[in-house]
Amino acid sequence: MANDGKVKQHIPKEKRYSMRDFNIEFPDDSSCLEYIKEQRWPNGMAACAKCGKETKHYRVGNRTAYACQSCGAHIYPLAGTIFEKSSTSLKTWFYAMYLMGSTRCGISAKQVQRETGVTYKTAWRMFKQIRSLLSEGDLQLEGPTVEVDETYVGGVRKYGAGRAMRGDKKKTAVVGIVQRKGLAITKVVDQVTARG
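First, a word on scope: everything that follows refers to the structure included in this document. (Residues numbered from 1 in each chain as written. Predicted model: local features only at pLDDT ≥ 70, side-chain atom pairs only at ≥ 80, totals over all residues. Heavy atoms only, no water.)

**Let's talk about the overall build of the protein**
Right, so step 1: The number of helices and strands found in the protein is five helices and seven strands.
Right, so step 2: Its helices and strands in sequence order give the protein the pattern α-α-β-β-β-β-α-α-α-β-β-β, from N to C terminus.
Right, so step 3: For the protein, the residues scored as buried account for 29% of the 196 residues in total.
Right, so step 4: Of all intrachain contacts in the protein linking residues separated by at least 6 positions in sequence, the fraction that spans at least 24 positions is 41%.
Right, so step 5: About 14,500 Å² of surface is accessible on the protein, with carbon and sulfur atoms providing 51% of the total. (Helix = DSSP H or I, 4+ residues; strand = E, 2+ residues; numbered from the N terminus. Buried < 20%, exposed > 50% of the residue type's maximum accessible area, 1.4 Å probe, protein only. Contact = heavy atoms within 4.5 Å. Areas by Shrake-Rupley, 256 points an atom, 1.4 Å probe, with all protein chains shown as cover.)

**Regarding the sheet that holds strand β2 (residues 54-59)**
Right, so step 1: Spatially, four strands are ordered β1-β2-β3-β4 in an open sheet, and the strand pairing comes out antiparallel. Of all strands in the sheet, those bounded by a partner on one side alone are β1 (45-47) and β4 (74-75).
Right, so step 2: When β1 meets β2, the two strands line up antiparallel, connected through three bridges. The residue of β2 that forms the bridge with A46 is T55. (Pairing = 2+ DSSP bridges.)

**Some thoughts on the nonpolar core**
Right, so step 1: Judged by nonpolar contacts, the single largest core of 28 residues is most densely connected at F83, L90, W93 and F94.
Right, so step 2: In terms of residue count, helix α3 (residues 90-102) provides more of this core than any other element does, eight residues in total. (Core = buried A, V, L, I, M, F, W, Y, C linked by side-chain atoms within 4.5 Å.)

**Thoughts on helix α4 (residues 109-116)**
Right, so step 1: Every buried residue belonging to α4 is among A109, V112, Q113 and T116, and all of these are buried. The buried side chains of α4 occupy one side of the element, clustering within an arc of 105 degrees when seen end-on.
Right, so step 2: Two residues or fewer after α4 comes G117, characterised by a positive phi angle close to 80 degrees. (Arc of directions from axis to C-beta.)

**Focus: the packing of aromatic side chains**
To describe a pair of aromatic rings, one takes the distance between the centres and the angle between the planes.
Right, so step 1: Per the counting criterion, the structure on display carries 10 aromatic pairs.
Right, so step 2: Measuring from ring centre to ring centre gives 5.8 Å for F22 and Y95, while their planes differ by 45 degrees; the resulting arrangement is tilted. Residue F22 is located in helix α1 (residues 19-25), and its partner Y95 is located in helix α3; the two are separated by 73 residues in the primary sequence. Each member of the pair, F22 together with Y95, is buried.
Right, so step 3: Considering the side-chain rings of F26 and F94, the 4.9 Å spacing of their centres and the 70 degrees angle between planes classify their relative orientation as edge-to-face. One end of the pair, F26, is in the loop between α1 and α2 (29-40); the other, F94, is in helix α3, with 68 residues separating them in the sequence.
Right, so step 4: Under the relative-accessibility criterion, F26 is labelled buried at 6%.
Right, so step 5: The rings of Y17, F22, F26, Y35, F83, W93, F94, Y95 and Y98 are connected pair by pair, giving a single aromatic cluster. (Phe/Tyr/Trp six-rings, centres within 6.5 Å; stacked < 30°, edge-to-face > 60°.)

**Quick word on the side chain of T116**
Right, so step 1: Within the secondary structure layout, T116 lies in helix α4.
Right, so step 2: A distance of 2.7 Å separates a polar side-chain atom of T116 from the backbone oxygen of V112.
Right, so step 3: Excluding anything up to four places from it in sequence, T116 contacts T92 and Y95. (Polar contact = N/O pair within 3.5 Å; in protein donor to acceptor, adjacent residues only side chain to side chain.)

**Remarks on the packing of α3 against α4**
Right, so step 1: It is the contact of α3 with α4, at a shortest axis distance of 10 Å, that shows an interaxial angle of 130 degrees. Taken together, the axis directions place α3 and α4 in an arrangement best described as oblique. The way α3 lies across α4 gives a crossing that is right-handed. On α4, the residues touching T92, Y95, A96 and L99 of α3 are V112, E115 and T116. (Axes fitted to C-alpha atoms, helices over the stretch in contact; angles between N-to-C directions. Parallel < 35°, antiparallel > 145°, perpendicular 65-115°, else oblique. Left-handed = near helix turned anticlockwise from the far one by under 90°.)

Shown next, in the form of structure tokens:
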């Protein structure tokens, strides 16, 4: 069977999302803000807190606000999100999320710093906040085959090699759950028992 020098793609064409696709969809901060607004209020339709009407809201100049068509009261799509009060551009936030979501084996805050050009402190804060969103909610795996395993990370075991013993504070237990040909979840746990 000839390969013809072509690399086989494992991701179906309709599910592929390249860096080029990202830059076309999110060329600047305005497109990122518009995306957030559409997620919260599709077509800009929102209930106005001031006049009580469900009306269209329009962007206010270069601000991150949208004004009610009827009374002019403002709504703020970034309010209550990880982007609120951040001086980092929205495109940088979106790019960091793209990097974290598109790598097969994870990405470090240091790599986010190198890729986005922000300081390490900013990259670490973004990384931490994005990760917190990924672990929220009741994310459950479905399917006939799910595998679970544990590992211990950090330092040398108090009494030699292998599994950490009770009272050993040098190692942190991490449990991983993987659905075959599907999602994977990892979680730091205090103890490795059936209840966790």
